[in-house]
Amino acid sequence: MSNTFRPVDWIDSQAQRMLELVERWANINSASDNVYGLGQMATALADTFRPLGGQMKLIELAPRQIIDSSGQVAQKPLGRALSIIKRPDAPLRVFLGIHMDTVYRLDHPFQTTERLDASTLRGPGVADAKSGIVVMLIALEALERSNVADLIGWEVLINPDEEIGSPGSTPLLIQCAKRNHLGFVFEPTLADGSLVGQRKGSGSFTIVVRGRSAHAGREFHLGSNAITAMAQLITELDGLNGRFEGLTINIACVEGGGPLNIVPDLAICRLNVRHVDVQQEVTVQSKIDEVVRQLGEYNGIRAEWHGGFTAPPKPLDETTRRLLEHVADCGRELGVDVTWRSTGGVCDGNRLTEAGLPNVDTMGARGGDIHSPNEYLLIDSLTERAKLTALLLMKLASGQVTWSRD
Ligand SMILES: [Zn+2]
């Protein structure tokens, strides 16, 4: 093998450091709404990535809009995103990204890592996606140690809001998509080790129904019950499940009501849609419009909806397939079997594809039970996956793998 690829073998010497970095970063709580913890994460990441060189920036994100439990629109601050751009004038430019936030809030019991055995680390975000950050870091370090690094430019974006749909960082992702030729996102591979080819899209909606309160004993007839009105609306929306191939509507959260002697005047419902094509977006959107309008025709009831579709479906098109084939070729060279399949999960890969950037979005480590207190990482996959990315980056740089956008 030519000495071009010796830096890939260097990754073996980093196994212990990779594991320690995952542990250190997973032990920092960086829930999407923990702005302080996200700040600590961003600082730790900036310190570790700085030796790679390039232009580094911490970017403020606009606050996200939420509907609070009184049904009012409110603003919530987000953490900052870390951006690094190196050799932006290179003829071939690669985007590498992953999120620093996790789903485990500060009041969640799952806060620290634990080595279950020599091959398994359990902890919050160890697979999704603190290990992905480490894989990306080490792959870039290997590239920068190689003699082909100068032939390729790269851009890193580590965002703080992916687990809540990237409300603040989507504009940054769109800019990254425009500036680069191809992309890698370091979400964990699926539990069986396969990559994701095709992904569903996602939309999140909040519906607010307001009625009229009244004393339940004396003046029940003067009240308009927001909860029973909402119940009808929920039944109608839930009725879409099973009617369209691949479309699901998850009624996720319902709030409202209070003392038993008051007709409730407020109900809030939060729901998530997963869909496979644009037609299904139209179907769901028009159904929501329709049921909200119909409720408004009841005496004393007002209904409104907020939110929308935040990630389009990610199809497995020819360009994505070609990129997956390149990953699989590198896998073969390293003795790693690379396959792919589809999932209902959504990630920033969906958003990059929509913005025109071909990408493979599961270049992170292997693990499982993500978003649960049993989340685990298979430790050996750290070096395996870093080598996979490093080898592909070096082949792209040296021209052994050629890439044109279409
Ligand atoms: Zn993730």
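By convention here, each chain's residues receive numbers from 1 onward along its written sequence. Two thresholds apply to this predicted model, a pLDDT of at least 70 for residue-level local features and 80 or more for giving and counting side-chain atom pairs, whereas whole-chain, interface and lining totals are computed over all residues. The basis for every side-chain value is the complete set of non-hydrogen atoms in the structure, without hydrogens or water.

## Things to note about the side chain of aspartate 161
Part 1 of the argument: In DSSP terms, a helix is any run of H or I states spanning at least four residues, a strand is any run of E spanning at least two, and both are numbered starting from the N terminus. As for its placement among the helices and strands, aspartate 161 is situated in the loop between strand E8 (153–159) and helix H5 (170–179).
Part 2 of the argument: Each residue gets one of three labels from its accessible area relative to the maximum for its type: buried under 20%, exposed over 50%, partly exposed in between, using a 1.4 Å probe on protein chains only. In this charge count, Lys and Arg are treated as positive and Asp and Glu as negative; neither His nor the chain ends contribute. Here, a salt bridge means any Lys or Arg side-chain nitrogen found within 4 Å of an Asp or Glu carboxyl oxygen. Arginine 64 is the oppositely charged side chain nearest to the buried, salt-bridge-free aspartate 161, at an N-O distance of 7.8 Å.

## Digging into the coordination of the zinc ion
Part 1 of the argument: Protein coordination at the zinc ion: the donors are His99 (NE2), Asp128 (OD) and Glu187 (OE), at 1.8 to 2.1 Å from the metal.
Part 2 of the argument: Going along the chain, you hit the donors of the zinc ion in the pattern H-x28-D-x58-E. Of this pair, histidine 99 sits in strand E5 (residues 93–99) while glutamate 187 sits in the loop between strand E9 (182–185) and strand E10 (195–199), and the two are 88 residues apart along the sequence.
Part 3 of the argument: Classification of histidine 99 by relative accessible area gives buried; the value is 1%.
Part 4 of the argument: For glutamate 187, a relative accessible area of 8% translates into the label buried. Water is absent from the atoms considered, so a metal site may look incomplete; donors are defined as N, O and S atoms within 2.8 Å of the metal, or 3.2 Å for Na, K and Ca.

## Regarding the pairing of strand E11 (residues 201–210)
Part 1 of the argument: Of all ten residues in E11, nine are buried, a share of seventy percent or more.
Part 2 of the argument: Two strands make a pair as long as DSSP finds a minimum of two bridges between them. Pairing between E11 and strand E13 (residues 266–275): ten bridges, direction antiparallel. Residue pairing for E13: valine 208 is matched across the bridge by isoleucine 268.
Part 3 of the argument: Here E11 pairs with strand E14 (residues 302–311) via nine bridges, running antiparallel. Its bridge partner being in E14, arginine 210 is matched across the sheet by arginine 302.

## A look at helix H2 (residues 15–26)
Part 1 of the argument: In this scheme, a helix's expected span is set at 1.5 Å multiplied by one less than its residue total. Taking 1.5 Å as the rise per residue, H2 with twelve residues should run 16 Å; its terminal C-alpha atoms sit 17 Å apart, in good agreement.
Part 2 of the argument: Buried residues of H2: Met18, Leu19, Leu21, Val22, Glu23, Trp25 and Ala26, and no others.
Part 3 of the argument: Contacts are assigned to residue pairs with any non-hydrogen atoms lying within 4.5 Å of each other. In this structure, the buried side of H2 is in contact with helix H3 (35–49), strand E6 (114–117), strand E7 (120–122), helix H4 (126–145), strand E18 (376–378) and helix H10 (381–398).

## Quick word on the domain arrangement of the protein
Part 1 of the argument: Residue ranges assigned to each domain were obtained from an automatic or database domain assignment. We note that the domain assignment places domain 1 (3–198 + 314–398) and domain 2 (201–311) within the protein.
Part 2 of the argument: If you average the C-alpha positions of domain 1 and of domain 2, the two centres end up 36 Å apart.
Part 3 of the argument: Each partner contributes residues to the interface: domain 1 has 13 residues there, and domain 2 has 14 residues.
Part 4 of the argument: Note on definitions: buried area is the accessible-area loss of two parts on being combined, 1.4 Å probe, summed for both. Of the roughly 850 Å² buried between domain 1 and domain 2 on both sides combined, carbon and sulfur atoms contribute 53%.
Part 5 of the argument: Between the two partners, domain 1 and domain 2, sit zero salt bridges.
Part 6 of the argument: Here a polar contact is taken to be a pair of N or O atoms separated by no more than 3.5 Å, where protein atoms must pair a possible hydrogen donor with a possible acceptor and residues adjacent in sequence count only if both atoms sit in side chains. Viewed at the interface, domain 2 and domain 1 are joined by four residue pairs in polar contact (both at pLDDT 80 or more).
Part 7 of the argument: Throughout this entry, Asp, Glu, Lys and Arg are counted as charged residues, while Ala, Val, Leu, Ile, Met, Phe, Trp, Tyr, Cys and Pro are counted as nonpolar. The remaining residues, Gly among them, count as polar. A breakdown of the residues in the side of domain 1 that touches domain 2 according to their chemical character gives three nonpolar, eight polar and two charged.

## Description of the environment of valine 336
Part 1 of the argument: Position of valine 336 relative to the elements: it lies in the loop between helix H8 (318–334) and strand E15 (340–343).
Part 2 of the argument: Put simply, valine 336 and glycine 193 are 143 residues apart on the chain and 9.9 Å apart in space, counted from C-alpha to C-alpha.
Part 3 of the argument: Residue contacts for valine 336: discarding those within four places in its chain leaves Gly331, Glu384 and Arg385.

## So, the sheet that holds strand E12 (residues 248–256)
Part 1 of the argument: Sheet architecture is open: four strands sit in the order E12-E13-E11-E14, paired in antiparallel fashion. Each end of this open sheet is capped by a strand with a single partner; those strands are E12 and E14. Strand-to-strand twist across the sheet, computed as the mean angle between neighbouring axes with direction ignored, equals 15°.
Part 2 of the argument: Helix-sheet contacts for helix H7 (residues 278–295) involve E11, E12, E13 and E14, and the interaxial angle to E14 is about 170°. Structural elements are reduced to axes, namely lines fitted to C-alpha atoms, with helices fitted over the stretch in contact, and the angle between N-to-C directions of any two is expressed from 0 to 180 degrees.

## Considerations on the packing of helix H6 (residues 226–238) against H7
Think of two packed helices as two axes; the pair is described by the angle between the axes and how far apart they sit.
Part 1 of the argument: Where H6 contacts H7, the two axes come as close as 10 Å, and the packing angle between them is 155°. One finds that H6 runs roughly antiparallel with respect to H7. Crossing of H6 against H7: the hand is right-handed. Contacts from Ala229, Leu233, Glu236 and Leu237 in H6 reach Lys287, Ile288, Val291, Val292 and Leu295 in H7.
Part 2 of the argument: In terms of residue class, the contact of H6 with H7 is made up of seven nonpolar, no polar and two charged. Between 65 and 115 degrees an angle is taken as roughly perpendicular, under 35 as roughly parallel, over 145 as roughly antiparallel, and anywhere else as oblique. By definition, any crossing whose near helix is turned counterclockwise from its far helix by less than a right angle is left-handed, and any crossing with a clockwise turn is right-handed.

## Some thoughts on the nonpolar core
Part 1 of the argument: Nine residue types can take part in a nonpolar core, namely buried Ala, Val, Leu, Ile, Met, Phe, Trp, Tyr and Cys, and a core is a set of them joined through side-chain atoms within 4.5 Å. Trp25, Phe49, Phe184 and Leu396 are the most contacted members of the largest nonpolar core, which totals 85 residues.
Part 2 of the argument: Here this core takes twelve residues from H4, the largest share from any one element.
Part 3 of the argument: Among residues more than four places away in sequence, those in contact with leucine 396 are Leu92, Val94, Ile152, Leu182, Phe184, Val401 and Trp403.
Part 4 of the argument: The next biggest cluster of nonpolar side chains, apart from the first, holds 22 residues, and it includes Ala229, Ile234, Val291 and Leu295.

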